[in-house]
Amino acid sequence: MGLKSWRARISNRLHVVLVVLVSSVIVLAVSRPVAVPPISGALVNHRSAPDNQRVSFEVVLRPRNEGKLLASAWLRGSQPPGPYLTPLQFAQQYAPSPDAVDLVKDYFQVRGLATGALWSGGLVVPVTGSVAQASKALGVGFDVAKLSGGRRVVVADSYPTIPNSLRAIIAGVTGLFANGYFPVTPKGLSIRGPSSCAALRRENAPGQGYSPSVVSRYYHLARFDRARTVTVGIAEFAAVGASRSSPLERSVADYAHCLGVGVHLQVRPVNGGSTNTARVHLVEAALDIETLLAYAPGVHLLVYTASSGNADALYLRMVSEDQASILLTTWGSCEADTPSQQLRIEQLAFAEATLQGQTVVAASGDDGSSDCLANGGGDGLAVDNPASQPMVTAVGGEQFDGPLGKRTRALVFNSATYAGASGGGVSKVFAEPPYQHDVYRAIKTQVARLCPLRSGCRLVPDLAMIAVGARIDAPHSGWTSVGGTSLAASVFAAGLADLESRIGERLGLVNPWLYSLATGGRAFRPVVRGGNDYRHLHPERFRAGGDYSLATGLGTPNFGVLLASLRQHLMVPVLPQHWVRTRFTLHLREVFDAT
């Protein structure tokens, strides 16, 4: 993935966390406000905000029946592609009642803040006002900080306090930075080296790189076979669309010209967009965009851009607009350091995406089995969020020790050259999803001592794609070799766009379908060599082998077989939408942080 986040360490604190298991999904609710970690290096020159400074944020509402929403999402995700809900239909079925919405709006309006129209889907209320008004309403203080790109923003100094009278209605508050995360630079994502447009079209060696045509043949991707236009939404925390003459836009145009493909790209700023022009952020955006152009020519791209603290608002906007059928994020945070309020908001967003037929794809991270390590979060075993969310397809990485061909077998991505390894392991937050039941049983002896939940834990990743040897035209650098699970996730998203174009239907949550093909078929080729213990901290954690591993998931997909299977899958009728009653299991955990 290449890009990570800050860690939410809370020193010498004891919290009681209520963990509710709803249809194999864990929902967290922290018992009291949590202090915000020190402001990230993405911000400079912060100071107290004056009372009259304007501030805006989003209040995320709980669905009318959260259990019904999650159960319905699982039911729909387990069925073939077909009719899905629109945001309006989603709102009609799951948005809180008008009386509940009025209670929330009244609370803020009485304190002098203005509330806007509900976002499509009915779960988000935008709120604006002064720092003094917001501070009184949310129980937080505010700083003014200047982003590295020069833009000044208001930053909350703690997580908002939700009034007792509204806790049954409000899931969380986002858009205040304190409730978002700060992606930081990757660990050697790119390698500058001599290259050219001509080389891009012919390379096929570990030391040189792998051309899109070579990689497409290896994974059986039908790059140029387009039956219909597909739109992919990309989450970026870089200054995309700043101007047509910006370094990023020039790089994308030059790359597309080299391959002879068109560029259909629109930028959707969220809460003012991003002004981050740091080279590493621009390289990440170039990698995502150029990879999709290379592997899914003709794809339409909607790039949603925001400052890094507005991550949840960005995901909510991607889902509520429902303009893209595939949503890609190559950014993330260590799950253990991600605040529970953020995990809950994202879970709601991805459940809505599932019901609307949107496929969410995330990179599994580049820190191997110790995802928190890069940001000082400790060297324990950990996975990345949102890849660990059960309604997200987590893509790990694989590499090769020779040219790509029919008989080439992959290794686990674990590279000193690219300074990273395939993220993978066991979620400590989300329960085992139904689609992982068989693989969980197969490796239960390996993961039993790592899982704190009686019902089993979500395993990461789901599959693996190439994570080395991509040549891109990078802003400020020219032709550059890049790697990481950002590349892997982008290639997989392009493959899904190819499939969707061929069958003419949104795919929705693909995980249940993918896992149904894992046994006894040709859809996946397991990776059998290597491991993802990048720092040599946890010997034998986690090694490749078997039909599923915690380094590369199900292994290498064959998109030709996936297409044939998908066409058969479409012949199965879609059941009518209804709620299946599920059992609710409550877990009470005490979380200590004695550091």
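The model shown is predicted, which means the values in this text are computed figures rather than measured ones. (Residues numbered from 1 in each chain as written. Predicted model: local features only at pLDDT ≥ 70, side-chain atom pairs only at ≥ 80, totals over all residues. Heavy atoms only, no water.)

How do you make sense of the side chain of D322 when you look at a structure like this?
By the element assignment, D322 lies in the loop between α9 (311-321) and β16 (326-329). There is a polar contact of 3.5 Å between the side chain of D322 and the side chain of Q358. (Helix = DSSP H or I, 4+ residues; strand = E, 2+ residues; numbered from the N terminus. Polar contact = N/O pair within 3.5 Å; in protein donor to acceptor, adjacent residues only side chain to side chain.)

Any chance you could explain the packing of helix α8 (residues 279-295) against helix α13 (residues 485-503) here in plain terms?
The angle between the axes and the distance between the axes are what describe a pair of packed helices. At a minimum axis distance of 9 Å, the contact between α8 and α13 shows a crossing angle of 30°. For the element pair α8 and α13, the recorded crossing hand is right-handed. Residues E284, L287, D288, T291, L292 and Y295 of α8 form the contact with α13, whose own contacting residues are S486, L487, S490, V491, A493, A494 and D498. A per-class count over the contact of α8 with α13 returns 7 nonpolar, 3 polar and 3 charged. (Axes fitted to C-alpha atoms, helices over the stretch in contact; angles between N-to-C directions. Left-handed = near helix turned anticlockwise from the far one by under 90°. Contact = heavy atoms within 4.5 Å. Nonpolar A, V, L, I, M, F, W, Y, C, P; charged D, E, K, R; others polar.)

Looking at this structure, I do not really get the environment of A489. What am I missing?
Note that A489 resides in helix α13. Residue class for A489 comes out buried when judged on its relative accessible area of 0%. In sequence terms A489 and V361 are 128 residues apart; their C-alpha atoms lie 6.7 Å from each other. (Buried < 20%, exposed > 50% of the residue type's maximum accessible area, 1.4 Å probe, protein only.)

Can you help me understand the environment of Q93 in this one?
Along the chain, Q93 falls in helix α2 (residues 87-94). In this structure the C-alpha to C-alpha distance between Q93 and P63, which are 30 residues apart in sequence, comes to 9.0 Å. Contacts of Q93, omitting those with residues within four sequence positions, involve R64 and L85.

Before we go on, may I ask you to explain helix α4 (residues 131-138) in this structure?
Residues spaced three or four apart along an α-helix face the same direction, because each turn holds 3.6 residues. If you check which residues of α4 are buried, you get V131, A134, A137 and L138. One face of α4 carries all of its buried residues, which in axial projection span an arc of 135°. Residue G139 follows α4 closely and has a positive phi angle near 70°. (Arc of directions from axis to C-beta.)

When you look at the pairing of strand β4 (residues 54-61) in this model, what are you seeing that I'm missing?
Strand residues, when the strand is regular, have side chains that alternate between the two faces of the sheet. Of all 8 residues in β4, 6 are buried, a share of seventy percent or more. Bridge count for β4 against strand β6 (residues 124-130) is 7 bridges, and the pairing is antiparallel. Bridge assignment links S56 to a residue of β6, and that residue is T128. Alignment of β4 against strand β9 (residues 170-174), held across 4 bridges, turns out to be antiparallel. Counted as the bridge partner of L61 is I170 from β9. (Pairing = 2+ DSSP bridges.)

Just to check I follow, could you spell out the sheet that holds β6 for this structure?
Sheet strands associate in pairs through backbone hydrogen bonding, adopting either a parallel or an antiparallel arrangement. The sheet built from 4 strands is open, its strands ordered β5-β6-β4-β9 with antiparallel pairing. The strands lining the two open edges of the sheet, one partner per strand, are β5 (114-115) and β9. This element, helix α3 (residues 98-110), spans β4, β5, β6 and β9 of the sheet and lies at about 160° to β4. α4 contacts β4, β6 and β9 of the sheet and is inclined by roughly 125° relative to β6.

Teacher, can you tell me more about the nonpolar core here?
For soluble globular proteins, nonpolar side chains are generally found buried alongside one another. In this structure, Y219, L314, L459, M465, I466, F492 and L499 are the most contacted members of the largest nonpolar core, which totals 142 residues. Residues in contact with L459, not counting those within four places in the same chain, are G425, V426, Q436, V439, Y440, I443, V447, Y548 and L550. (Core = buried A, V, L, I, M, F, W, Y, C linked by side-chain atoms within 4.5 Å.)

Can you walk me through the state of the cysteines in this structure?
Disulfides are covalent bonds that connect the sulfur atoms of two cysteines. On inspection of all chains with the given rule, the structure shows 3 disulfides. One disulfide in the model links C197 with C258; its S-S distance is 2.0 Å. When the S-S torsion is 100°, as for the bridge of C197 with C258, the disulfide is right-handed. Separated by 61 residues along the polypeptide, C197 in helix α5 (residues 197-200) and C258 in helix α7 (residues 247-259) bring together distant segments of the chain. A relative accessible area of 22% means that C197 is categorised as partly exposed. (Disulfide = S-S within 2.5 Å.)

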